[in-house]
Amino acid sequence: MDAMDYRGPNRVRVARKPVPTIQHPQDAIVRVTRSCICGSDIHLYHGLVPDTRVGSTFGHEFCGVVEEVGAEVENLKPGDHVIVPFNIACGQCHFCQQGLFGNCHESNPMATAVGGIFGYSHTAGGHQGGQAQYARVPYADVGPVKIPDWMDLDDAVLLTDVVPTGYQAAEMAGIQKGDTVVIFGAGPIGIMAARSAWLFGAGRVIVVDHLDYRLEFVARFGPAEVYNFKEIDDMAVFMKRQTDGLGADVCIDAVGCEATGSALHTLLGIHLKLESGSALALHWAINSVKKGGVVSIVGVYGPTGNMIPVGNIVNKGLTIRANQASVKRHLPRLIEHVREGRIRPRELITHRFELRDISDAYRIFAGRLDNIIKPVLLPNG
Amino acid sequence: MAPDHTRLPARRTGLADPSSIPGWGVDAETRNDPTWPMRDRADSPGADWPHPVPQQGGAEVLQSVEYKARPAVYGLGPQPRGLSGAMRRAAFRFSESNWWHWLLLLGADRVDMVEGIGSDLATGRVPNLPAETGMAAAWKHDARGQVLKWGAIAAGIAVVVMARNRRRRA
Ligand SMILES: NC(=O)c1ccc[n+]([C@@H]2O[C@H](COP(=O)([O-])OP(=O)(O)OC[C@H]3O[C@@H](n4cnc5c(N)ncnc54)[C@H](O)[C@@H]3O)[C@@H](O)[C@H]2O)c1
Ligand SMILES: [Zn+2]
Ligand SMILES: [Zn+2]
């Protein structure tokens, strides 16, 4: 089969690889019909995630048709078209039993701090990803959900990560009716967090980024008040001015470890690797939220450490909540939201690529070229 | 020397039974729980859930020393190889909480990249770097940025070359 093939930072190509086979009685093999590139893949592409081996296939956002199932799989059969959550979860461990499907203890021998994720380095279990014609899906009875007849495939593929992650960002923020919610990052995740904040009862939604075309999109799609941080001298002062001097009730970090805007963090975190990337957006979130407020983090960071103002977390009495999205837990509700038209995921898709154009697709998305918001790959044409 | 994770310091105090502590739980407020959905402590399977059957096969799995038991499934992504593989094996002697673990892995990733070029060449393939880095797309959608970037690189090289020539002449 054809599959994306990582060669080192900023270098990817298509390679011929063997079609995956059943390795465990709870596996399924899926023929991929849609597969996205995610902001998280850019962290891999830039070589920021430890144990990203040459020859790996990325891709954790995919849906596809079941081709084959292992002996213990009961809920799926060949021919089923399924949404595959990005987390690999056993459904029965200490963590899965609590609904923490992003923190499974039976899917990643390489690290305890994160469960298995498709195509996300050996630090997340070494599972090959879905930017390929076929993928192996462990614990096939637990994660995958059949795509309802009425649902568009472009909506379905965004339910594997983008929609649930944005939704969980808002859920973890503990939004109360009327709250002012500030979201850093107008990528697909920040955009979905803005839409979801309203579903949880926000009174005011503000989004910050520096890419005007994304801010324009979220201003309409959220909807949201939007600001370009290049025009703001001091984020904390600005947000206080916006909120009667108090700060926002809730701040959401939907940027992660490649935040731009600080030469210091870029030097220390991105170039010298003395920090796990640049945590500028998190820094801003901590300093822009009101005392007693909540900072919800879905942006991804590396495993070592970052420079953030911990003292302010203490002195302001903040609650910090964060996680990999527990996709499976949210899917029933989110499918309802899509059916009722409360969320229209496919409007985010701006680009479509065939697998053979993978190198260009990564370059365009990583460079934020051509006004890209969300690229989708069609591995089987 | 990598740390020996089997050596544990002796426990200095006995574990207390919470219910023996005066006033334990009198102010417990179940609604005040920011750890949603990790809520139903009473229903938790503890550490003894029915484990899935282990995945079979001969793959080399580098396992975190923080696990009590091997997780049932793992991916079949690229196996450790060569020098980078040796570095990865060394990394896994340290816990996830130890800097060496991650520094060795990041170092291994860079070595792996060079080994990847080596294995390409060994199979008679010269990696097409402009294509793999999506250079055509960058020129198509961001010609100005490309001109600035390559111009700056060319100017930098020119300055270095000129400085060296001048020094040689002097
Ligand atoms: N927790 C999870 O389950 C989960 C799931 C998916 C993605 N993520 C993470 O969420 C983050 C966003 O993902 P995405 O797909 O939207 O990525 P993206 O790269 O498309 O978007 C990130 C956005 O942040 C903006 N940005 C950069 N610096 C900023 C700053 N200082 N302040 C405000 N905005 C800034 C960028 O311009 C960009 O628009 C990534 O770190 C990704 O890894 C987490
Ligand atoms: Zn993703
Ligand atoms: Zn589990």
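Rules and cut-offs
Sequence positions are assigned chain by chain, starting from 1 and proceeding in written order. To read the labels, note that chains go from A and ligands from 1, taken in the order they are written. In keeping with the predicted nature of the model, local features appear solely for residues at pLDDT of at least 70, side-chain atom pairs appear and are counted solely at 80 or more, and the whole-chain, interface and lining totals rest on all residues. Here the side-chain values reflect all heavy atoms present in the structure, with hydrogen atoms and water set aside. Note: metal donors comprise N, O and S atoms at 2.8 Å or less from the metal (3.2 Å for Na, K and Ca); water molecules are not included, so apparent gaps in a site are possible. Starting at the N terminus, helices and strands are each numbered in turn, a helix being any DSSP run of H or I of at least four residues and a strand any DSSP run of E of at least two. For every residue, the accessible area (1.4 Å probe, protein chains only) is compared with the maximum for its type, and the residue is labelled buried under 20%, exposed over 50%, or partly exposed between those bounds. Only strands joined by at least two bridges in the DSSP assignment are considered to pair. Fitted lines through C-alpha atoms serve as axes, helices being fitted only where they are in contact, and the angles separating the N-to-C directions of these axes extend from 0 to 180 degrees. Between two residues, a contact is recorded if the distance between any of their heavy atoms is within 4.5 Å. Under the classification used here, a metal with four donors is tetrahedral if each angle lies between 85 and 135 degrees, square planar if opposite donors are over 155 degrees apart and the others between 65 and 115, a six-donor metal meeting that same test is octahedral, and anything else is irregular. Only protein atoms enter the calculation, which uses a 1 Å grid: trapped sets of points that fit a 1.4 Å probe without letting it out are cavities, open sets showing protein on both sides within 12 Å along at least five of seven lines are pockets, and any residue with an atom within 4 Å of a point is a lining residue. Grid points are joined across faces, edges and corners, and a volume is the space filled by probe spheres set on the points. Residue classes follow a fixed rule: Ala, Val, Leu, Ile, Met, Phe, Trp, Tyr, Cys and Pro count as nonpolar, while Asp, Glu, Lys and Arg count as charged, and any other residue, Gly among them, counts as polar. Think of a nonpolar core as a cluster: buried Ala, Val, Leu, Ile, Met, Phe, Trp, Tyr and Cys residues, connected wherever their side-chain atoms sit within 4.5 Å. Each domain's extent is set by a domain assignment, obtained either automatically or from a database. We call a residue near a molecule or strand when any one of its heavy atoms sits within 4 Å of it. The definition of a polar contact used here is a pair of N or O atoms within 3.5 Å, where within protein one atom must be able to donate a hydrogen and the other to accept one, and adjacent residues in sequence count solely through side-chain atom pairs. Note on areas: Shrake-Rupley, 1.4 Å probe, and residue coverage restricted to the protein chains presented here.

## Re the coordination of the zinc ion (ligand 3)
Argument step 1. Around the zinc ion (ligand 3), the protein contributes the donor atoms Cys90(A) (SG), Cys93(A) (SG), Cys96(A) (SG) and Cys104(A) (SG), at 2.3 to 2.5 Å from the metal centre.
Argument step 2. Along the chain, the residues donating to the zinc ion (ligand 3) fall in the pattern C-x2-C-x2-C-x7-C.

## Observations concerning unusual backbone geometry
Residues and elements named next belong to chain A.
Argument step 1. The peptide bond linking Gly222 to Pro223 adopts the cis configuration, its omega dihedral lying at -10 degrees.
Argument step 2. Positionally, Pro223 belongs in the loop between helix H5 (212-221) and strand S12 (225-228).
Argument step 3. Positioned with a positive phi, Asp244 is a non-glycine residue whose angle comes to about 55 degrees.
Argument step 4. When you line up the elements, Asp244 lands in the loop between helix H6 (235-242) and strand S13 (248-253).
Argument step 5. Backbone geometry at Lys273 places phi at a positive 60 degrees, although glycine is not the residue there.

## Let's talk about the pairing of strand S3 (residues 28-36) of chain A
All names here are of chain A.
Argument step 1. Along S3, 8 of the 9 residues are buried, which leaves the element largely enclosed by surrounding structure.
Argument step 2. For S3 and strand S4 (residues 62-69), the ladder comprises 7 bridges, and the chain directions are antiparallel. Directly across from Arg34, in S4, lies its bridge partner Cys63.
Argument step 3. Sheet analysis places S3 next to strand S8 (residues 134-137), joined by 4 bridges and oriented antiparallel.

## A short note on helix H11 (residues 358-366) of chain A
All names here are of chain A.
Argument step 1. Counting buried positions along H11 gives 8 out of 9 residues, so the element sits mostly inside the fold.
Argument step 2. All of the buried residues along H11 are Ile358, Ser359, Ala361, Tyr362, Arg363, Ile364, Phe365 and Ala366.
Argument step 3. Downstream of H11 by a residue or two, Arg368 has a phi angle that is positive, lying close to 50 degrees.

## Quick look at the sheet that holds S13(A)
Paired through their backbone hydrogen bonds, the strands of a sheet run either parallel or antiparallel.
Residues and elements named next belong to chain A.
Argument step 1. Taken in spatial order, the 6 strands line up as S12-S11-S10-S13-S14-S15 in an open sheet, and their pairing is parallel. For this open sheet the edge positions go to S12 and strand S15 (319-322), each flanked by a neighbour on one side alone. Between one strand axis and the next, the sheet turns through 20 degrees on average, direction left out of account.
Argument step 2. When strand S11 (residues 204-209) meets S12, the two strands line up parallel, connected through 4 bridges. Counted as the bridge partner of Ile206 is Glu225 from S12.
Argument step 3. Running at roughly 170 degrees to S12, H5 makes contact with S11 and S12 of the sheet.

## A few points about the pairing of strand S10 (residues 180-184) of chain A
Residues and elements named next belong to chain A.
Argument step 1. Here S10 lies mainly inside the structure; 5 of its 5 residues are buried.
Argument step 2. With burial as the criterion, each face of S10 is covered, one bearing Thr180, Val182 and Phe184 and the other bearing Val181 and Ile183.
Argument step 3. In this structure, S10 lies alongside S11, joined through 5 bridges in parallel fashion. Residue pairing across strands places Phe184 opposite Val208, the latter belonging to S11.

## Brief notes about the coordination of the zinc ion (ligand 2)
Residue and element names in this part refer to chain A.
Argument step 1. Bound to the zinc ion (ligand 2) are the protein donor atoms Cys38 (SG), His60 (NE2), Glu61 (OE) and Asp161 (OD), situated 2.0 to 2.3 Å from the metal.
Argument step 2. Around the zinc ion (ligand 2) sit 4 donor atoms; with metal-centred angles ranging over 92 to 138 degrees, the donor geometry is irregular.
Argument step 3. Each donor residue of the zinc ion (ligand 2) lies on the same chain, and together they follow the pattern C-x21-H-E-x99-D. With Cys38 in the loop between S3 and helix H1 (39-45) and Asp161 in the loop between helix H2 (153-158) and helix H3 (162-172), this pair connects stretches of sequence that are 123 residues apart. Taken individually, Cys38 and Asp161 each receive the classification buried, so the pair is uniform in this respect.

## Remarks on empty space enclosed by the protein
Argument step 1. Summed over the entire model, instances satisfying the criterion amount to 2 cavities of 30 Å³ or more.
Argument step 2. As a volume, the largest cavity reaches approximately 50 Å³.
Argument step 3. Broken down by class, the residue content of the lining of the largest cavity amounts to 10 nonpolar, 2 polar and no charged.
Argument step 4. By volume, the second largest cavity amounts to about 40 Å³.
Argument step 5. Every residue along the wall of the second largest cavity is listed here: Ser56(A), Thr57(A), Gly119(A), Tyr120(A), Ser121(A), His122(A), Gly126(A), His127(A), Gln128(A), Gly77(B) and Pro78(B).
Argument step 6. Split into classes, the residues belonging to the lining of the second largest cavity amount to 2 nonpolar, 9 polar and no charged.

## Side note on the nonpolar core
Argument step 1. By size, the foremost hydrophobic cluster in this structure holds 81 residues, and its most contacted members are Leu159(A), Ile183(A), Val207(A), Leu348(A) and Tyr362(A).
Argument step 2. In this structure, this core is formed jointly by two domains, domain 1 (2-161 + 326-378) and domain 2 (165-322) of chain A, each of which donates at least three residues.
Argument step 3. Setting aside chain neighbours within four positions, we find Ile183(A) in contact with Gly190(A), Ala193(A), Ala194(A), Val205(A), Ile206(A), Val207(A), Val208(A), Ile252(A) and Ala254(A).
Argument step 4. In terms of nonpolar packing, the next biggest core, distinct from the first, is built from 25 residues, Ile88(A), Ala135(A), Trp49(B) and Ala72(B) among them.

## Topic: the side chain of Gln146(B)
Argument step 1. By the element assignment, Gln146(B) lies in helix H5 (residues 143-169).
Argument step 2. With relative accessibility at 3%, the residue Gln146(B) sits in the buried group.
Argument step 3. Aside from chain neighbours lying at most four places away, what touches Gln146(B) is Arg363(A), Met135(B), Ala138(B), Trp139(B) and Gly151(B).

## Things to note about the site of ligand 1
Residues and elements named next belong to chain A.
Argument step 1. The environment of ligand 1 is formed by 32 residues, the closest being Ser40, Asp209, Val298, Ala325 and Arg368.
Argument step 2. Between ligand 1 and the protein, one listed contact pairs an oxygen atom with a side-chain N or O atom of Arg368 at 2.7 Å.
Argument step 3. Within the complex, 98% of the 870 Å² of free accessible area of ligand 1 lies under protein.
Argument step 4. Contributions of two or more residues to the shell around ligand 1 are made by H1, helix H4 (188-199), S11 and helix H8 (280-288).
Argument step 5. Among the elements that take part in the shell around ligand 1, H1 stands out by supplying 3 residues, more than any other.
Argument step 6. For the shell around ligand 1, a count of residues per class yields 16 nonpolar, 12 polar and 4 charged.

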